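Topology and contacts: notes
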Amino acid sequence: MRGEGIGSSVGTIDVMDDVLPGPHGPVPIRHYRPQDPAAAPTLVWLHGGGFFRGDLDLPESDAVARALSARGIPVVTVDYRLGPLPGMPWIGRTGPRARRRAPHARDEVVAVLRALEPERSAGLVLGGASAGACLAASAVAAGPPLAGTVLAYGFFHARIPRDPAVQRLVRGHRRITHAPLLLDAANRTYAGPLGAGAFPAPEDLSTFPRTLVLDAERDTMRASGDRFARQLGAAGVDLERHVLPDSRHAFLNRPDSIDFAAAVDLIASWMVRRPI
């Protein structure tokens with residue numbers, strides 16, 4: 001049974017916290033219901049944070065959901081189970097929301113999709129940003145049929161593809177924190193030695209519904225987005241892709257940026273567009 005929610009109304013959006021049963025314990029979610037909804041599916045949205053940080057209040061979760069709901073898109077955000085801290089996997093290993101490696105987070109996302117599916121007549125779109133995009137992609141084949149997927153500046157391979165042309169565009173601290181070797185190490189911390197369903201399997205790509213992929217031009221992870229877009233195209237997926245010029249990773253975590261506004265507009269227009 002669904003838990004009791006704590007509701008609030010912000011402008012033309014009703015926001016309500018809720019809890020759904022999951023395979024590893026309760027899963028907190030948040031509903032964003034437009035009072036004047038568009039004829040669109042519900043977007044189930046997953047924040048980023050390298051698998052080990054982030055929550056429902058992160059701008060990449062809350063600000064994105066509010067901006068899309070203001071455009072008439074129903075959104076549900078998911079406080080999925082976080083993974084171990086890179087370099088410190090022993091921290092946070094106990095308690096009701098203890099950190100766990102893959103596939104715990106994917107299992108929780110799939111449980112949320114299955115719980116929401118019967119009551120969403122327009123269907124569900126699954127999406128996310130960065131690690132949330134990877135998590136969404138890994139959950140497609142394991143969950144119920146979807147009306148679409150939205151993947152923002154994600155990474156989809158356990159080993160980040162090396163592209164010197166992309167790497168030369170990266171600026172600031174991310175030249176260090178997003179160095180491919182460090183990203184690979186963080187992925188191993190989350191996925192474990194066998195991968196455990198942390199990344200989308202190539203043989204599952206033909207099951208993808210229509211997909212929107214948004215990438216940042218100045219982002220190490222774009223090399224993975226480039227490869228994944230080619231793989232989706234080769235699998236025959238109905239794909240729309242945009243690389244935002246001069247943008248940096250995590251632009252959806254910066255609600256005042258022009259890249260945030262551009263991305264929200266692209267997502268909202270894609271959500272209401274009917275597939276041909």
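Everything here concerns the structure above.
Rules used throughout
Residues numbered from 1 in each chain as written. Predicted model: local features only at pLDDT ≥ 70, side-chain atom pairs only at ≥ 80, totals over all residues. Heavy atoms only, no water. Helix = DSSP H or I, 4+ residues; strand = E, 2+ residues; numbered from the N terminus. Rg over C-alpha atoms; globule rule 2.2 N^0.38 Å. Buried < 20%, exposed > 50% of the residue type's maximum accessible area, 1.4 Å probe, protein only. Contact = heavy atoms within 4.5 Å. Areas by Shrake-Rupley, 256 points an atom, 1.4 Å probe, with all protein chains shown as cover. Lys, Arg positive; Asp, Glu negative; His and termini not counted. Charge placed at Lys NZ, Arg CZ, Asp CG, Glu CD. Polar contact = N/O pair within 3.5 Å; in protein donor to acceptor, adjacent residues only side chain to side chain. Expected span 1.5 Å × (residues − 1). Phe/Tyr/Trp six-rings, centres within 6.5 Å; stacked < 30°, edge-to-face > 60°.

This part covers the overall build of the protein. Across its full length, the protein holds 8 helices and 9 strands. Scaling as 2.2 N^0.38, a compact globule of 276 residues should have a C-alpha radius of gyration of about 19 Å, and the protein matches this with 17 Å. The burial tally for the protein puts 53% of its 276 residues in the buried class. Residue pairs at least 24 apart in sequence account for 71% of intrachain contacts in the protein once pairs closer than 6 positions are excluded. As displayed, the protein offers around 11,900 Å² of accessible surface, 57% of which is attributable to carbon and sulfur atoms. In the protein, the 32 positive side-chain charges and the 28 negative ones have mean positions that sit 7 Å from each other.

Here the focus is unusual backbone geometry. Ala-102 connects to Pro-103 through a cis peptide bond whose omega is 10°. As for its position among the elements, Pro-103 is in the loop between β5 (75-78) and α2 (104-116). The phi torsion at Phe-51 lies on the positive side, around 75°, for a residue other than glycine. Phi is positive for Asp-246, which is not a glycine, with a value near 60°. Relative to the helices and strands, Asp-246 resides in strand β9 (residues 239-248).

The next point concerns the environment of Trp-45. Checked against the element boundaries, Trp-45 lands in strand β4 (residues 42-46). When the C-alpha positions of Trp-45 and Phe-251 are compared, they lie 16 Å apart, and in sequence the two are 206 residues distant. One polar contact links the side chain of Trp-45 to the main-chain carbonyl oxygen of Glu-60, over a distance of 2.8 Å.

The terminal C-alpha atoms of helix α6 (residues 180-191), which comprises 12 residues, lie 16 Å apart, in line with the 16 Å expected from a rise of 1.5 Å per residue. Along α6, the residues classified as buried are Pro-180, Leu-183, Asp-184, Ala-186, Asn-187, Thr-189, Tyr-190 and Ala-191. Its buried side turned inward, α6 meets α2, α3 (131-139), α4 (164-167) and α5 (174-177). Positive phi shows up at Gly-192, right after α6, with a value of about 80°.

What follows is about the packing of aromatic side chains. Two aromatic rings are characterised by how far apart their centres lie and by the angle between their planes. On inspection of all chains with the given rule, the structure shows 5 aromatic pairs. Plain terms: the ring middles of Phe-156 and Phe-228 are 4.2 Å apart, the flat faces sit at 15° to each other, and that makes the pair stacked. A residue pair is termed long-range when its members are at least 10 positions apart, and Phe-156 in the loop between β7 (148-152) and α4 and Phe-228 in helix α7 (residues 222-234) qualify at 72 residues. A relative accessible area of 2% means that Phe-156 is categorised as buried. When the ring of Phe-208 is compared with that of Phe-228, the centres are 5.9 Å apart and the planes differ by 75°; the resulting orientation is edge-to-face.

In this section: the environment of Thr-77. Mapping Thr-77 onto the fold places it in strand β5. Judged by relative accessible area, Thr-77 falls into the buried class, the value being 0%. The spacing of Thr-77 and Leu-56 is 21 residues in sequence and 6.8 Å in space, taken between C-alpha atoms. If we skip the residues at most four places from it in the chain, Thr-77 touches Pro-28, Ile-29, Arg-30, Tyr-32, Trp-45, Leu-56, Ser-61 and Ala-65.

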